[in-house]
Amino acid sequence: MRKWILVLCMVFFLSSELTQCSVSYDRKAIVINGQRRVLFSGSIHYPRSTPEMWEDLISKAKEGGLDVIETYVFWNVHEPSPGNYNFEGRYDLVRFVKTIQKAGLYAHLRIGPYICGEWNFGGFPVWLKFVPGISFRADNEPFKMAMKGFTEKIVNLMKSHNLFESQGGPIILSQIENEYGPQAKVLGASGHQYVTWAAKMAVEMDTGVPWVMCKEEDAPDPVINTCNGFYCDKFSPNKPYKPAIWTEAWSGWFSEFGGPIHQRPVQDLAFAVAKFIQKGGSFVNYYMYHGGTNFGRSAGGPFITTSYDYDAPLDEYGLIRQPKYGHLKELHRAVKLCEKALVSTDPTVTSLGGLQEAYIYSSETGDCAAFLSNYDTQSVARVMFNNMHYNLPPWSISILPDCRNVVFNTAKVGAQTSQMEMLPTNSEMYSWETYNEDLSPFDDSSSFTAFGLLEQVNVTRDASDYLWYKTSVDVGSSESFLLGGELPTLIVQSTGHALHVFINGQLSGSAFGTRQNRRFTFKGKVNFRAGTNKIALLSVAVGLPNVGGHFETWSTGILGPVALHGLDQGKLDLSWARWTYQVGLKGETMNLVSTDGSSVDWMQGSLIAQKQQPLTWHKARFNAPNGDEPLALDMSSMGKGQVWINGESLGRYWTAYATGNCNGCHYAGPFKPPKCQLGCGQPTQRWYHVPRSFLKPTENLLVLFEELGGDPTRISLARRSVSSVCADVGEIHPNIRNWEIESYGSRSQELPKPKLHLHCSPGQSISSIKFASFGTPLGTCGSFQQGPCHASTSYSVLEKKCIGRQRCSVAISNTNFGDPCPNVVKRLSVEAVCTPSQWH
Ligand code: GAL
């Protein structure tokens, strides 16, 4: 059991820089300074927020009961071209890790350098694809050299700032590779060789802290193999002397343009985590704890949305998402109360019924903790444990840190719910101007020609999303379609991701792939005339793939065939015609997004109304709204494109409407993303986060490039705010009350009365009570209604206790409200409105 600790220590002691041996592991847990620890961790990816947000996010994570912050390291942002490094601004990894340290938390650095993560090209710089002889994530010398080079760069950077725990820093774990297991299986022996090499390469970097490989059953010693998934209770590490670590407990799921929003009920997430802990798991990382934003062209793909909200406990904007955040916080507290028992012994498992079990951790030193679980997805179970009765809701686990008292049940959400709203701001966009892209720019000096169709990324090297494919077709005046016959049809086969077709400078149609099916076909009538006709195809990438075997070899762009049908000669195959290529847009070359006034002639805004032309640049100015609430642009009046503020790209926008099945969802039963969908029939993403730090007080420059058309004058800036908070707490059912009193047993301790708690964000207070009912209210937060039984005192009691306060609590009892319906089990449901305190 202690073998690897010894080996690790020896390695560290041999190293000249690292003198301590403070992080190791054994079969139970990560051991820090000699102590086994049960650790909660959360993913916060530094480039998905701004340095100005980091401290707040990390302190909220700490407040939410986390011990560790996990981040991937994003190779492509750090090394945009070989040997040129960038660790500035959002990419300031050292500052991020130091912010974690300052908060008193640990860090888990998942270096990868393959990271998947719905990030462009899975985190690989696109130039890597063009290294001669390279084959990604394989036993391939050029790849291994590059991977080692970057890993070393990061490890040395961390070491030079003393950031590993062994040096007194916060980093207690590092990851090499990412979910290589499935790939290794396909590759067989050579996959195993690569994994063995990767592990050895990492371990030789002497960080003084353990390495992990996630989803990698054959992770070689001393690297710990870890689990990723919605549930990990069936996971066990590949050696009996390694601890059970869950590197990605998916808190929600990502979304793609055209798809719905995915949510994961917190009752199920808490259940999954409790189930992992009860089986002896000792490290859980929420992926994501804060998802954030895919700024610029960083979204992976294709078709990953700019928002990477992920239904995480901290929302895209960094605001606390309730009840998810609060419920998990209570879970963490409950598990921490069991920590000593959990790490010092193995559980005894007893059956409490067909689908019910107890896991009991009872140590020699007298610590005892128990987990009572009910796997039944339908029914409440009344179980008997240690001669006492306990009531377990469906699909739930109760935690008893002293083997007697329930301090937490995963399905009983006591935390309040908060309703977030996008509210208007007073900042108007003014001075609109437009600039039209040239729709048939044939003889540009930056263009080149070739016979045949070229793969897009080979040409653009991802310097832009856009690649023009242009050719021309001569049409004789005797063609039958010119004499009243049917127009010819153009058929274009694309391997991804979107396409706009222009005939003689006019948009003739568009077509799009999907994430599941990147290939698509455009088919449309073309309005040709006698003489030379220009065909200009604008192929648009929407995020390069981030996952899949050898995705570096996957194609993007128009690979054909491209053919015209319906000319007198029959089919005209253009696939091998002479094509002119141009990378990017004119507006990109001219740097229209820059704030230092480009020399372009923009057109005054009055023209906008007359002409909603495709491929148009728009710009406007606006002043920053007061206050510090997070901001977002409402882009619902637009089609598809990219948007910048003061030269910073907010990301790609696309008003693609979500298709899906939004027929509600129940927390009980195994979770998969399709189970809980939201937003069907609405744009997948309407709001685009504008970090406050991108703004100056006045004259901010908004620039957008619109591919399809839309009304930019209807773009508005909104602020995101907690508009109301709800709580809904039941009186304890007399029977349950008796059972729980029994469970308090001989201690004859008064059972605490249930209380309802409400709190607004800092700087806000409760300005009114929108709904209050003690009785049998119906509905859920935002749509509560009075039921058959309602205490007329409900509003006045709540108003008296809560108005003007940031937080308040009210006991659920007849003494407080008067009994509106004796012998009926009642509940108290409240919705309170939060407003900034200065408004009172
Ligand atoms: C995992 C992967 C993560 C992320 C996640 C889905 O398999 O390791 O990087 O892509 O899936 O959000």
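Scroll up a little and you will see the structure.
Structural notes, computed from the coordinates.

Procedures and definitions
- Residues numbered from 1 in each chain as written.
- Predicted model: local features only at pLDDT ≥ 70, side-chain atom pairs only at ≥ 80, totals over all residues.
- Heavy atoms only, no water.
- Helix = DSSP H or I, 4+ residues; strand = E, 2+ residues; numbered from the N terminus.
- Rg over C-alpha atoms; globule rule 2.2 N^0.38 Å.
- Buried < 20%, exposed > 50% of the residue type's maximum accessible area, 1.4 Å probe, protein only.
- Contact = heavy atoms within 4.5 Å.
- Areas by Shrake-Rupley, 256 points an atom, 1.4 Å probe, with all protein chains shown as cover.
- Lys, Arg positive; Asp, Glu negative; His and termini not counted.
- Charge placed at Lys NZ, Arg CZ, Asp CG, Glu CD.
- Phe/Tyr/Trp six-rings, centres within 6.5 Å; stacked < 30°, edge-to-face > 60°.
- Pairing = 2+ DSSP bridges.
- Patch = residues over 30% accessible without salt bridge, like charges linked within 9 Å, V, L, I, M, F, W, Y side chains within 5 Å.
- Salt bridge = Lys/Arg side-chain N within 4 Å of Asp/Glu carboxyl O.
- Expected span 1.5 Å × (residues − 1).
- Axes fitted to C-alpha atoms, helices over the stretch in contact; angles between N-to-C directions.
- Near = heavy atom within 4 Å.
- Polar contact = N/O pair within 3.5 Å; in protein donor to acceptor, adjacent residues only side chain to side chain.
- Nonpolar A, V, L, I, M, F, W, Y, C, P; charged D, E, K, R; others polar.
- Disulfide = S-S within 2.5 Å.

What follows concerns the overall build of the chain. A tally of regular secondary structure across the chain gives 16 helices and 44 strands. For a compact globule of 840 residues, the expected C-alpha radius of gyration is about 28 Å, and the chain comes in at 30 Å, within 12% of that figure. C-alpha extents for the chain along the principal axes are approximately 100 × 70 × 50 Å. Per-residue burial over the chain gives 60% buried out of 840 residues. A separation threshold of at least 6 residues defines the contact pool for the chain, and within that pool the share at least 24 residues apart is 74%. For the chain, the accessible surface area stands at approximately 32,200 Å², while carbon and sulfur atoms represent 50% of it. Looking at charge distribution, the chain has the averaged site of its 75 positive side-chain charges lying 4 Å from that of its 75 negative ones.

This brings us to the packing of aromatic side chains. The tally for this structure, following the rule as stated, stands at 53 aromatic pairs. For the ring pair F230 and W253, a centre distance of 5.4 Å and an interplane angle of 45 degrees mean the geometry is tilted. Of the two residues, F230 is situated in the loop between β9 (224–229) and β10 (245–250) and W253 in the loop between β10 and β11 (261–262); the sequence distance between them amounts to 23 residues. A ring pair is formed by W617 and F705, whose centres lie 4.8 Å apart and whose planes are at 40 degrees; its orientation type is tilted. One end of the pair, W617, is in strand β33 (residues 616–622); the other, F705, is in strand β39 (residues 700–706), and 88 residues separate them in sequence.

With that out of the way, let us pick up the pairing of strand β29 (residues 562–567). Where strand β24 (residues 489–494) and β29 come together, four bridges link them in antiparallel fashion. Directly across from I491, in β29, lies its bridge partner A563. Pairing geometry for β29 and strand β30 (residues 570–573), over three bridges, is antiparallel. When the sheet's bridge partners are listed, L567 is paired in β30 with G570.

Moving on, we come to a positive patch on the surface. The grouping of K755, K800, K801 and R805 at the surface amounts to a positive patch. As for its placement among the helices and strands, K800 is situated in helix α15 (residues 794–802).

With 13 residues, helix α8 (residues 266–278) should reach 18 Å at 1.5 Å per residue; the first-to-last C-alpha distance of 18 Å fits that figure. Across the 13 residues that make up α8, a large majority, 13, are buried. Trailing α8 by a residue or two, G280 shows a phi angle of about 110 degrees, which is positive.

A word on the sheet that holds strand β31 (residues 578–583). The strand order across the open sheet built from six strands is β22-β31-β23-β28-β25-β26, with neighbouring strands paired in antiparallel fashion. In this open sheet, the two edge strands, each paired with only one partner strand, are β22 (448–451) and β26 (506–512). Across this sheet, the average inter-strand angle for adjacent strands is 25 degrees, counted without regard to direction.

Close to the ligand lie 15 residues; Y72, G117, E118, E179 and Y310 are nearest. Within the backbone of I115, one N or O atom sits 3.1 Å away from an oxygen atom of the ligand. If the ligand stood free it would expose 310 Å²; the protein chains cover 95% of that surface. When its residues are assigned to classes, the shell around the ligand shows nine nonpolar, three polar and three charged.

Here we come to the pairing of β10. Counting buried positions along β10 gives six out of six residues, so the element sits mostly inside the fold. Here β9 runs beside β10; their pairing, made up of three bridges, is parallel. When the sheet's bridge partners are listed, C227 is paired in β10 with W246. Two elements, β10 and strand β12 (residues 283–290), share four bridges in a ladder whose sense is parallel. Looking at β12, one finds that W246 is bridged to V284.

Turning next to the sheet that holds strand β15 (residues 368–374). What holds strands together in a sheet is hydrogen bonding between their backbones, with the strands either parallel or antiparallel. Strand order in the open sheet made by the five strands is β13-β14-β15-β18-β19, with antiparallel pairing throughout. The open sheet has two edge strands with one neighbour each: β13 (348–353) and β19 (408–409).

Before going further, it helps to examine the environment of T698. Residue placement: T698 occurs in the loop between β38 (687–690) and β39. Here T698 falls in the partly exposed class, since its relative accessible area comes to 44%. In the structure, T698 is positioned 73 residues away from P625 in sequence and 9.2 Å away in space, judged by C-alpha atoms. Dropping the residues within four chain positions of it, T698 is found in contact with F622 and N623.

Let us look at the state of the cysteines. Under the counting rule described, the total for this entry stands at eight disulfides. Here C665 connects covalently by a disulfide to C676, the sulfurs 2.1 Å from one another. The sign of the S-S torsion, about 80 degrees, decides the handedness of the disulfide formed by C665 and C676: right-handed. Taken as a pair, C665 in the loop between β36 (648–654) and β37 (677–678) and C676 in the loop between β36 and β37 lie far apart in primary sequence, 11 residues in all. Paired by a disulfide, C726 and C781 hold their sulfur atoms 2.1 Å apart. Every disulfide takes its handedness from the sign of the S-S torsion; for C726 and C781 that torsion is 70 degrees, giving right-handed. Of this pair, C726 sits in strand β40 (residues 716–730) while C781 sits in the loop between β42 (764–775) and α15, placing them 55 residues apart in sequence. On the basis of relative accessibility, which here comes to 1%, the residue C726 falls in the buried class. Judged by relative accessible area, which is 18%, C781 ranks as buried. For C338, which is in no disulfide, the shortest distance to another cysteine sulfur is to C403 and amounts to 8.3 Å. A residue is classified by how much of its surface remains accessible, and C338, at 0% relative accessible area, is buried.

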